[in-house]
Amino acid sequence: DLTRSVPVDFELGESDIDNIELRMLPPENVKGQVEFDDEMAKPKPPRQPTGQQQTAPNAPAAQRPQGAMPVRRIMLRDPNNMRQMKIADVTEGGSFTLEKVMPGKYVVVMDGFPGFVKSVRIGQTSEDGPALDLRYGAGGAVLSVTLSSAYATIGGVVRDDKGPGAGARVVVRDTNNRNSTAGSMSAAD
């Protein structure tokens, strides 16, 4: 198996740097569980089309009949390398296993759930938001991802030196995820 050094932050100056230790860690499987902050963050049970056979809820996505159950996934995305990610299906009970995760920092992204990632916890270490630090590995600890439906609303008026700007497009950018959400057009009063 491949190993990767744990990323180490240091500042380069005008002098030599000594005693930097790079620990080599192999990839590891990370088991986890999705938790819900409120009822609205929970996915709705799938509707079974009439006349179709029931499929085991924990069956891999490839074995599910089309339309039987929405695919729910967890993705660990490396914020510095958008193509570097680990993906796993989430069972109906909320469990998942991400295979061969390399040490590093990740952003947790959920697909198929109505909520957003409110917090992540690996063992006893908890962080608000989707940032997950696995630079030192998981060490066998369970990853808990808490989803919430308590979305926020941002309001305001776009102005310039002449007053409110009619028809301005507002975009909110998440600097952690590099996602953007386009807002509505503003109108002058």
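Residues numbered from 1 in each chain as written. Predicted model: local features only at pLDDT ≥ 70, side-chain atom pairs only at ≥ 80, totals over all residues. Heavy atoms only, no water.

Asker: Outline the overall build of the chain, listing residues and values.
Answerer: The helix and strand tally for the chain stands at 0 helices and 15 strands. The burial tally for the chain puts 28% of its 189 residues in the buried class. When contacts within the chain are restricted to residue pairs at least 6 apart in sequence, those whose partners lie at least 24 apart make up 59%. Accessible area for the chain stands at about 13000 Å²; split by element, carbon and sulfur atoms hold 48% of it. (Helix = DSSP H or I, 4+ residues; strand = E, 2+ residues; numbered from the N terminus. Buried < 20%, exposed > 50% of the residue type's maximum accessible area, 1.4 Å probe, protein only. Contact = heavy atoms within 4.5 Å. Areas by Shrake-Rupley, 256 points an atom, 1.4 Å probe, with all protein chains shown as cover.)

Asker: A description of the sheet that holds strand β3 (residues 28-36) should follow, citing residues and the corresponding values.
Answerer: In spatial order, the strands read β6-β3-β11-β8-β9; together these 5 strands make up an open sheet with mixed pairing. Whereas interior strands pair on both sides, the edge strands pair on one side only; in this sheet they are β6 (95-101) and β9 (125-128). Pairs of neighbouring strands in the sheet enclose a mean axial angle of 25°, with direction left out of account. Sheet topology note: the strand β8 (residues 116-122)/β9 ladder contains 4 bridges and is antiparallel. Bridging across to β9, Arg121 finds its partner in Ser126. (Pairing = 2+ DSSP bridges. Axes fitted to C-alpha atoms, helices over the stretch in contact; angles between N-to-C directions.)

Asker: Describe the pattern of salt bridges, with residues and values.
Answerer: Side-chain pairs of opposite charge can arise where the charged atoms are in close proximity. Across all of its chains, the model carries 5 salt bridges by this definition. Between Arg121 and Glu35 there is a salt bridge, with the nearest N and O atoms lying 3.7 Å from each other. Of this pair, Arg121 sits in strand β8 while Glu35 sits in strand β3, and the two are 86 residues apart along the sequence. We classify Arg121 as partly exposed; its relative accessible area is 31%. Salt-bridge contacts for Asp89 lead to Arg73; the nearest nitrogen and oxygen are separated by 3.1 Å. Residue Asp89 is located in strand β5 (residues 81-89), and its partner Arg73 is located in strand β4 (residues 73-78); the two are separated by 16 residues in the primary sequence. Arg73 gets classed as partly exposed once you look at its relative accessible area, which sits at 29%. (Salt bridge = Lys/Arg side-chain N within 4 Å of Asp/Glu carboxyl O.)

Asker: Before we move on, can you summarise the side chain of Thr146 with the specific residues and values?
Answerer: Looking at where Thr146 falls in the secondary structure, it is placed in strand β11 (residues 143-148). Judged by relative accessible area, which is 14%, Thr146 ranks as buried. Sequence-distant contacts of Thr146, defined by excluding residues within four places in its chain, comprise Glu35, Phe36, Asp37, Phe116, Val117, Lys118 and Ser119.

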